[in-house]
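Summary of structural features
If you want the building blocks of each chain, they are given just below.
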Amino acid sequence: ADIERFQSRLEGLTVPEEAQTRIDEEIQKMQVLESGSPEYSVTRNYLDWITSLPWGVHSEDQLDIPRARRILDRDHDGLEDVKRRIIEFLAVGATRGDIGGSILLLVGPPGVGKTSIGRSVAEAVGREFYRFSVGGMRDEAEIKGHRRTYVGAMPGKFIQAVKDVGTANPVIMLDEVDKIGMSFQGDPASALLEVLDPEQNSDFLDHYLDVRFDLSRSLFICTANQLDTIPSALLDRMEVIHLAGYITEEKVAIAKHHLWPRQVERAGLKRGQLPLTDAALRHVIDGYARESGVRNLEKQLGRLVRKAAVDLLEGHEAPIRLNQKQVEDYLGKPPFQREKPLAGIGVVTGLAWTAMGGTTLSVEATRVHTQQRGFKLTGQLGEVMQESASIAHSYISSHLDEYRGDPSFFDESFIHLHVPEGATPKDGPSAGVTMATALLSLARDQAPARPLAMTGELTLSGHVYPVGGIREKVIAAKRARVTEVILPEGNRRDFDELPDHVRKGITVHFAERYQDVFRVVF
Ligand code: ATP
Ligand code: MG
């Protein structure tokens, strides 16, 4: 009976010769094996797998660009540049008649919509969607399957994916490709490339299946929080699309059009029962969900809805007006008081980029004593950052004349430079100008004139070099309500390319040399 069932599954499918031969062999084997024996069940299992695969089954692509745009717009507020890249990508596919054979990489902080964009792409082109994380993967077998000789052997994730969705050309999303590799058995990059690379994956050979399955018409979309840890062999084949994080205005729009209606509906309520004021929404964003993405915002809104639902069920009169006060009643006192950057002599605000998105970063310098010359650093600074601290120290010490600080200040100062929060590891050269400014502020005994944030690499000769993550950093400045920033001249183009609504309200100064920074700060 099993055998008939297996055979009937294959009716109408285009099974390649290699696979058909194997299936016939295994069926013959099964017929002679005793049905209670272990080999019987191994063979049966194998046949069960191989006959449930969608051999030659492909969904037909809908490469209708206006429709795709509508779907992307329906599901996502903002993200204009991301949508444009996706549309371009689909348009190229439409011209070629096929979008398979590509690897997209969506990279950005948590909760900015990477997974959600991937789903919309699948829907837009009318393909099945399958998603899994490669983040925790330890073993090549999770990708390529276990050989059948193992007890409990199974195919790898990709074969499981096509079986699950029932087509051989789904959109397969691989989350956390930046977190593969730590403690991976074997070489994760080459294992993944075998599956993702269009030159190799038409002959994809899963260890369990042991016959080839053509994956070349699948569309792969990877997601990651950062690029640094992605093996370069892999990165080279990917088409990278950045998602930088949202400013408050964008979060307000996303919450109003997507997150809030979804939460209200999920609780079985009507929006009229639970009016949320704009001020209250902003309060949730600033007070409880200060992040680059909107995942935590969505959670907090969910909490609000649930608390209100309970009150309504307990007889509270509808509607419950959610104003600022009501929000605090439901969510408690906000954990974030307004993130005011520290200020004072020797204290300067920098802008940093992390895998969680952009953030402001204070640099504090103080003179510990005057017995001997010296310099100490704390705050979990990586090697590159320590070097830029020592460059900043050398540069400022040797140019005190020019910047009208006490020329002998550092000769008789033991300086301590700290970057809070001390427990978070930090690295990179982009705090160079910030650290120099903190030291100069100390030597001049003068705090920066106004709230300002800055980023830029400083060289020993006082040049300011461009740095990465300008968009994330500008967003972080806005989140902290800093309206004036200093960026390297070399990043002028990055700034100019930001959308108008992100640039709006920010005064920017571009610095080519440290003198330019000095003139703005003091
Ligand atoms: P992670 O790196 O943690 O996997 P992610 O980038 O994949 O994060 P998503 O899960 O796609 O984040 O997004 C989190 C939530 O926010 C989802 O409910 C998503 O629909 C919503 N969301 C994010 N960005 C937008 C947007 N621009 N418009 C509408 N909804 C959005
Ligand atoms: Mg995701």
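Coordinates for the structure precede this section.
Right, let's walk through the structure included here. Residue numbers here run from 1 along each chain, matching the order of that chain's written sequence. Chains carry letters from A onward and ligands carry numbers from 1 onward, assigned in written order. This being a predicted model, a pLDDT of at least 70 is required before a residue's local features are given, and a value of 80 or more before pairs of side-chain atoms are given or counted; all residues contribute to the totals for chains, interfaces and linings. Hydrogens are left out, water is left out, and the side-chain values use all remaining heavy atoms of the structure.

**Describing the sheet that holds strand 16 (residues 507–511)**
Note on pairing: DSSP must find at least two bridges between two strands before they are called paired. Only DSSP runs of H or I with at least four residues qualify as helices, and only runs of E with at least two residues qualify as strands; both kinds are numbered from the N terminus onward. If you walk across this open sheet you meet the 7 strands as 10-11-9-8-12-15-16, and the pairing is mixed. Of all the strands in the sheet, the pair left with one neighbour each is strand 10 (374–378) and strand 16. Across the face of the sheet, helix 15 (residues 383–398) comes into contact with strand 9 (357–369) and strand 10 while running at roughly 150° to strand 10. Any pair of residues with heavy atoms lying within 4.5 Å of one another is described as a contacting pair. Where helices are involved, their axes are fitted lines through C-alpha atoms of the stretch in contact, as for all axes, and angles between N-to-C directions lie from 0 to 180°. The sheet strands contacting helix 16 (residues 432–444) are strand 8 (347–354), strand 9, strand 10, strand 11 (414–418) and strand 12 (453–454), and the helix crosses strand 9 at an angle near 35°.

**Observations regarding the side chain of Arg479**
Inspection of the secondary structure assignment puts Arg479 in helix 17 (residues 470–479). Leave out the neighbours within four places in its chain, and Arg479 touches Tyr246, Lys251, Arg290, Glu291, Ser292 and Gly358.

**A look at the side chain of Thr437**
Position of Thr437 relative to the elements: it lies in helix 16. We classify Thr437 as buried; its relative accessible area is 0%. Reaching out from Thr437, the side chain makes a polar contact with the backbone oxygen of Val433 at a distance of 2.6 Å. Look past the residues within four positions of Thr437 in its chain and what remains in contact with it is Val348, Met454, Tyr514, Val517, Val521 and Phe522. Burial status follows relative accessibility: with a 1.4 Å probe on protein chains alone, a residue under 20% of its type maximum counts as buried, one over 50% as exposed, and anything between as partly exposed. The term polar contact refers here to a pair of N or O atoms within 3.5 Å; inside protein, the definition further demands a hydrogen-donor-capable atom paired with an acceptor-capable atom, and it admits residues adjacent in sequence only when both atoms are side-chain atoms.

**Some thoughts on the packing of aromatic side chains**
In summary, the pairing rule links any two rings of Phe, Tyr or Trp, Trp by its six-membered ring, whose centres are within 6.5 Å, and it sorts them by plane angle into stacked for under 30 degrees, edge-to-face for over 60 and tilted for everything else. Following the criterion strictly, the structure yields 12 aromatic pairs and no others. Geometrically, the ring pair formed by Phe132 and Phe158 is edge-to-face, given 5.3 Å between the ring centres and 85° between the ring planes. A residue pair is termed long-range when its members are at least 10 positions apart, and Phe132 in strand 2 (residues 129–133) and Phe158 in helix 8 (residues 157–165) qualify at 26 residues. Residue Phe132 is classed as buried on the basis of its relative accessible area of 5%. Geometrically, the ring pair formed by Tyr403 and Tyr514 is edge-to-face, given 5.4 Å between the ring centres and 80° between the ring planes. Taken as a pair, Tyr403 in the loop between helix 15 and strand 11 and Tyr514 in helix 20 (residues 514–521) lie far apart in primary sequence, 111 residues in all. Both residues of the pair, Tyr403 and Tyr514, count as buried. A network of ring pairs unites the aromatic residues Tyr395, Tyr403, Tyr514, Phe518 and Phe522 as a single cluster. Over the aromatic face of Tyr46 sits the side chain of Arg148, whose NZ or CZ is 3.9 Å from the ring centroid. Two conditions define a charge located above a ring, namely a distance within 6 Å from the ring centre to NZ of Lys or CZ of Arg, and an angle within 35 degrees of the ring normal.

**Structural notes on the nonpolar core**
To form a nonpolar core, buried Ala, Val, Leu, Ile, Met, Phe, Trp, Tyr and Cys residues must be joined to one another through side-chain atoms within 4.5 Å. The biggest cluster of nonpolar side chains holds 53 residues, and the ones touching the most others in it are Ile86, Leu274, Leu297 and Leu301. Not counting residues up to four positions away in its chain, the partners in contact with Leu297 are Lys251, Ala255, Leu259, Val284, Ile285, Ala289 and Glu291. The next biggest cluster of nonpolar side chains, apart from the first, holds 51 residues, and it includes Met30, Val134, Ile159 and Phe213.

**Notes on the site of ligand 1**
What surrounds ligand 1 is a group of 20 residues, the closest being Gly111, Lys114, Thr115, Arg262 and Arg295. Taking Thr115, its side chain carries an N or O atom lying 2.7 Å from an oxygen atom of ligand 1. In this structure, an oxygen atom belonging to ligand 1 sits 2.8 Å away from a side-chain N or O atom of Arg295. Every accessible area reported is derived by Shrake-Rupley at a probe size of 1.4 Å, with residue values counting cover from the shown protein chains alone. For ligand 1, whose accessible area on its own is 640 Å², the fraction buried by protein is 87%. If you list the elements that add at least two residues to the shell around ligand 1, you get helix 6 (114–125), helix 11 (248–266) and helix 13 (295–313). If one sorts the elements of the shell around ligand 1 by residue count, helix 11 sits on top with 4 residues. Here the nonpolar group is Ala, Val, Leu, Ile, Met, Phe, Trp, Tyr, Cys and Pro; Asp, Glu, Lys and Arg are the charged ones; every other residue, Gly included, is treated as polar. Taken together, the residues of the shell around ligand 1 sort by class into 7 nonpolar, 7 polar and 6 charged. A cutoff of 4 Å decides nearness: a residue is near a molecule or strand if any of its heavy atoms lies inside that distance of it.

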